[in-house]
Amino acid sequence: MLGIILDQSHWNQRCYFPKAIASGAIATFIRAGSINNSSGLPYTDYIFHENVADAIQYSFPFGAYFYARPKFDGDVQGRYFVSLLKPYQQKMRLPAVVDVEEIADTPQKTAENIKKIIYQLKSAGFEVMIYSRQNIWDFGVAPDPLWSTISLWAARWTSASLDSPWGDDRFRFRDWDWWKLWQKEANGNGRAAEFGFPAYPIGDNDIDISYYNGTKEDFEREYGTIVQPPLQIVKYRVLTDGLNIRTQPQIIAGNSVGSRKVGDIITVLEYGGGNFWVKDSLGWSAVNYNGTSYMERIE
């Protein structure tokens, strides 16, 4: 197995990809959105576009996923998912993922609406993958010949030393005898900061971690070259006078300990914050905050 593949959403806040790469991450899947459980109106994860922009900035391989609710029309969900992905289609190296964690009132309806989402994605030219857990999929989704033709991202969180999600002959999916990705770690692993995400209370202390069923060469044949840890030091240039230096990457809890002026160069030690903050030897300052840019990255 090859790792590490991340899974990020607004719960995690934004990733500082140089740190993720240096910690061994090779790719990420970004939550694009979902559909409201009450109104049936699709919506965008509120930092989806920022997360994609960050991945593109560092040439980090990414895909995207849509949290499906099969009780609602799959065509509506599929079209909306496609509309979110279209601007990034030429940059996306990993598949578009239908995230199946909920079911409709019958297995047949669940299958029907998942298929509609898949067909919308395929018609738009996207490679498709299904993410699910065996105890949801096998009991909530009707069998269909289509499933075995779609790559599986299997979720099974375990600390056991297994070589596959069903390496102990448990939780084997009905419709697949192979898997593409395995989400092996999630809640409780406390590894978010290790991969460049801000920890609680700004983000989540945990990060979902998955593995690819193949070698480095297999991955690169399928999805392109793995980004190597950056050799250069990442720096930013200050664009405004009086930019605060704070003890924390936030305004309310972060006390001011000084300020920066136009032209100051920040050598990044850490990333954090609900918008986009960087830390150097003096403290934290905002790169972007509420839509305003206070620094620019320099090579």
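Refer to the preceding data block for the structure.
These lines cover the structure that appears in this document, whether it is placed above or below. (Residues numbered from 1 in each chain as written. Predicted model: local features only at pLDDT ≥ 70, side-chain atom pairs only at ≥ 80, totals over all residues. Heavy atoms only, no water.)

Tracing the chain through its elements places Asn113 in helix α4 (residues 107–123). In this structure the side chain of Asn113 is engaged in a polar contact, spanning 3.2 Å, whose partner is the backbone oxygen of Phe72. Residues contacting Asn113, with those up to four places away along its chain left out, are Pro70, Lys71, Phe72, Asp73 and Gly74. (Helix = DSSP H or I, 4+ residues; strand = E, 2+ residues; numbered from the N terminus. Polar contact = N/O pair within 3.5 Å; in protein donor to acceptor, adjacent residues only side chain to side chain. Contact = heavy atoms within 4.5 Å.)

Among all positions in helix α2 (residues 48–57), only Phe48, Asn51, Val52, Asp54 and Ala55 are buried. In a view along the axis of α2, the buried residues occupy a sector of 160°, so they form one face of it. Immediately downstream of α2, the backbone of Ser59 shows phi near 55°, a positive value. (Buried < 20%, exposed > 50% of the residue type's maximum accessible area, 1.4 Å probe, protein only. Arc of directions from axis to C-beta.)

A separate point is the packing of helix α3 (residues 74–85) against α4. The geometry of α3 relative to α4 is characterised by a closest axis approach of 7 Å and an angle of 30° between their N-to-C directions. As the angle between them shows, α3 and α4 are arranged roughly parallel. Seen from above, α3 lies across α4 with right-handed handedness. Along its contact with α3, which presents Gly74, Asp75, Gln77, Gly78, Arg79, Phe81, Val82 and Leu85, the element α4 presents Asn113, Lys116, Ile117, Gln120 and Leu121. The residue makeup of the contact of α3 with α4, split by class, is five nonpolar, five polar and three charged. (Axes fitted to C-alpha atoms, helices over the stretch in contact; angles between N-to-C directions. Parallel < 35°, antiparallel > 145°, perpendicular 65-115°, else oblique. Left-handed = near helix turned anticlockwise from the far one by under 90°. Nonpolar A, V, L, I, M, F, W, Y, C, P; charged D, E, K, R; others polar.)

The subject of this paragraph is the sheet that holds strand β13 (residues 265–267). Pairing within the open sheet is antiparallel, and its three strands lie in the order β13-β10-β18. Because the sheet does not close on itself, it has two edges, and the strands there are β13 and β18 (295–298). Averaged over all neighbouring strand pairs, the angle between strand axes comes to 30°, with direction disregarded. Sheet analysis places strand β10 (residues 235–238) next to β18, joined by four bridges and oriented antiparallel. (Pairing = 2+ DSSP bridges.)

Between side chains of opposite charge, a pair can form as their charged atoms come close. Under the criterion given, the structure shown has 18 salt bridges. A salt bridge links Glu220 to Lys216; the shortest N-O distance between them is 3.1 Å. Of the two residues, Glu220 and Lys216 both sit in helix α6 (residues 216–223), four residues apart, roughly one turn of that helix. Classification of Glu220 by relative accessible area gives partly exposed; the value is 23%. Under the relative-accessibility criterion, Lys216 is labelled partly exposed at 36%. Here Asp280 makes a salt bridge to Arg260, at a shortest N to O gap of 3.0 Å. Linking Asp280 in the loop between β15 (276–279) and β16 (284–289) with Arg260 in strand β12 (residues 256–260), this pair joins segments that are 20 residues apart in sequence. Each member of the pair Asp280 and Arg260 is classed as buried. (Salt bridge = Lys/Arg side-chain N within 4 Å of Asp/Glu carboxyl O.)

Among the secondary structure elements, Leu6 is positioned in strand β1 (residues 2–8). Leu6 gets classed as buried once you look at its relative accessible area, which sits at 0%. Counting along the chain gives 179 residues from Leu6 to Glu185, while the straight-line C-alpha distance between them is 10.0 Å. Residues within four places of Leu6 in sequence aside, it is in contact with Ala20, Ala25, Ala27, Thr28, Phe29, Phe195, Phe197, Ile207, Asp208 and Ile209.

The full count for this structure, using the stated rule, is 16 aromatic pairs. Ring centres of Tyr212 and Phe219 lie 5.3 Å apart, and the angle between their planes is 90°; this geometry places the pair in the edge-to-face category. With centroids separated by 6.2 Å and ring planes inclined at 70°, the aromatic side chains of Tyr212 and Tyr223 adopt a geometry described as edge-to-face. One end of the pair, Tyr212, is in strand β9 (residues 208–212); the other, Tyr223, is in helix α6, and 11 residues separate them in sequence. Every member of this aromatic cluster is reached through a ring pair, and the members are Trp137, Trp147, Trp166, Phe173 and Trp176. (Phe/Tyr/Trp six-rings, centres within 6.5 Å; stacked < 30°, edge-to-face > 60°.)

Bridge count for β15 against β16 is four bridges, and the pairing is antiparallel. In the sheet register, Val278 faces β16, and the bridge partner there is Ser285.

Moving on to the environment of Ile207. Within the secondary structure layout, Ile207 lies in the loop between β8 (181–185) and β9. C-alpha of Ile207 to C-alpha of Ala186: the two residues are 21 residues apart in sequence and 5.7 Å apart in space.

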